Amino acid sequence: MESVKKDRIERVKKLMAAHELDAVLVSNCSLGNLNTWLLAGEGMPMHIPFNRNNLCLVTSDGEVIELCARMPHPCDWGKFPLITETDLAPYLPHKRLGLVNPAYLKKVVRDDLKEKYDAQLIDISDEFHLLKMEKTGEEIEGIRRAAARFD
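Residues numbered from 1 in each chain as written. Predicted model: local features only at pLDDT ≥ 70, side-chain atom pairs only at ≥ 80, totals over all residues. Heavy atoms only, no water.

Overview of the pairing of strand S4 (residues 96-100)
The cut-off we apply is this: Categorising residues by exposure relies on relative accessible area from a 1.4 Å probe, with only protein chains included: less than 20% of the type maximum marks a residue as buried, more than 50% marks it as exposed, and the intermediate range marks it as partly exposed. Only DSSP runs of H or I reaching four residues or more are called helices, and only runs of E reaching two or more are called strands; each is numbered from the N terminus. Between any two strands, pairing holds if DSSP finds at least two bridges.
With 5 of 5 residues buried, S4 lies mostly within the body of the structure. With burial as the criterion, each face of S4 is covered, one bearing Arg 96, Gly 98 and Val 100 and the other bearing Leu 97 and Leu 99. Where strand S1 (residues 23-27) and S4 come together, 4 bridges link them in parallel fashion. Each residue of the ladder has a partner; that of Ala 23, found in S4, is Leu 97. Sheet topology places S4 next to strand S5 (residues 120-123); 4 bridges connect them, and they run parallel.

Okay, here's the thing in structure tokens:
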């Protein structure tokens with residue numbers, strides 16, 4: 001799956017370059033399993049506990065950083081750092097941030113991005129979701145095997 005992950009991240013990086021973005025922030029990335037897609041996860045997607053709005057930041061070098069939009073509940077699993085307490089300055093040198101699913105971006109997060117970093121927020125949702133439609137030969141073969149097992 002490492003080659004699949006690399007291919008997906010390369011496509012995201014090309015999209016970032018086309019829009020001259022420093023990074024991409026995916027809001028509510030469990031919606032459509034975008035976090036699983038970005039990380040090329042093989043496990044079953046899980047529902048995020050207690051309505052936590054999770055985020056994935058894809059940096060210009062292809063790193064995927066998982067973050068939380070609000071403080072995790074003490075019983076939550078996967079306690080990712082709170083975005084408003086994370087220094088994003090190194091990832092936003094030109095202050096251009098692509099947004100995916102901006103309707104799910106919490107106001108406190110948007111305000112924080114504007115106030116701390118003077119970030120220009122660019123909605124690239126449609127183009128990003130189209131990337132998920134592209135499949136490599138390895139992915140297609142995996143889908144065939146999964147369908148055969150299901151049948």
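Some words on helix H3 (residues 107-117)
The cut-off we apply is this: Taking the helix axis as origin, the arc is that swept by the directions to the C-beta atoms. The contact criterion used is simple: two residues touch if any of their non-hydrogen atoms lie within 4.5 Å.
Val 109, Asp 112, Leu 113 and Tyr 117 are the residues of H3 that are buried. One side of H3 holds all its buried residues, which, seen down the axis, span an arc of 100°. Opposite the buried face of H3, at more than 90 degrees from it, the exposed residues are Lys 107, Val 108 and Glu 115. Looking at the buried residues of H3, the elements they touch are S1, S4 and S5. Looking one or two residues beyond H3, the residue adopting positive phi is Asp 118, at roughly 50°.

With respect to the nonpolar core
For clarity, the cut-off: Among the buried residues, those of types Ala, Val, Leu, Ile, Met, Phe, Trp, Tyr and Cys that are joined through side-chain atoms within 4.5 Å form a nonpolar core.
Counting residues in hydrophobic clusters, the biggest one holds 19 residues, and the most contacted among them are Val 12, Val 24, Val 26, Leu 38 and Phe 128. Counting residues per element, this core draws most heavily on helix H1 (residues 2-18), which supplies 4 residues. In contact with Leu 38, not counting residues within four places along its chain, are Lys 5, Ile 9, Val 12, Val 26, Cys 56, Val 58, Val 64 and Phe 128. Ala 23, Leu 25, Leu 113 and Ala 119 belong to the second-largest nonpolar core, a separate cluster that totals 17 residues.

Remarks on the environment of Leu 105
Its location among the elements puts Leu 105 in the loop between S4 and H3. Residue Leu 105 is classed as buried on the basis of its relative accessible area, which comes to 12%. Measuring from C-alpha to C-alpha, the distance between Leu 105 and Asn 54 comes to 9.6 Å, with 51 residues separating the pair along the chain. When near neighbours in sequence (up to four residues on either side) are disregarded, Leu 105 contacts Leu 25, Ser 27, Leu 99 and Arg 110.

Things to note about the packing of H1 against helix H4 (residues 125-133)
To keep things clear, this is the line we draw: Here, axes are lines fitted to C-alpha atoms. For helices the fit covers the stretch in contact, and angles between N-to-C directions go from 0 to 180 degrees. Roughly parallel refers to an angle under 35 degrees, roughly antiparallel to one over 145, roughly perpendicular to one between 65 and 115, and oblique to any angle outside these ranges. The handedness criterion is simple: a crossing whose near helix is rotated anticlockwise from the far helix by less than a right angle is left-handed, and one whose near helix is rotated clockwise is right-handed. Any residue outside Ala, Val, Leu, Ile, Met, Phe, Trp, Tyr, Cys, Pro, Asp, Glu, Lys and Arg is labelled polar, Gly included; the first ten of those are nonpolar and the last four are charged.
Close contact between H1 and H4 brings their axes to 10 Å; oriented N to C, the two are set at 155°. With respect to H4, the element H1 is oriented roughly antiparallel. When you trace H1 past H4, the crossing you get is right-handed. Touching Arg 11, Val 12 and Leu 15 of H1 are Glu 127, Phe 128 and Leu 131, all from H4. Broken down by class, the residue content of the contact of H1 with H4 amounts to 4 nonpolar, no polar and 2 charged.

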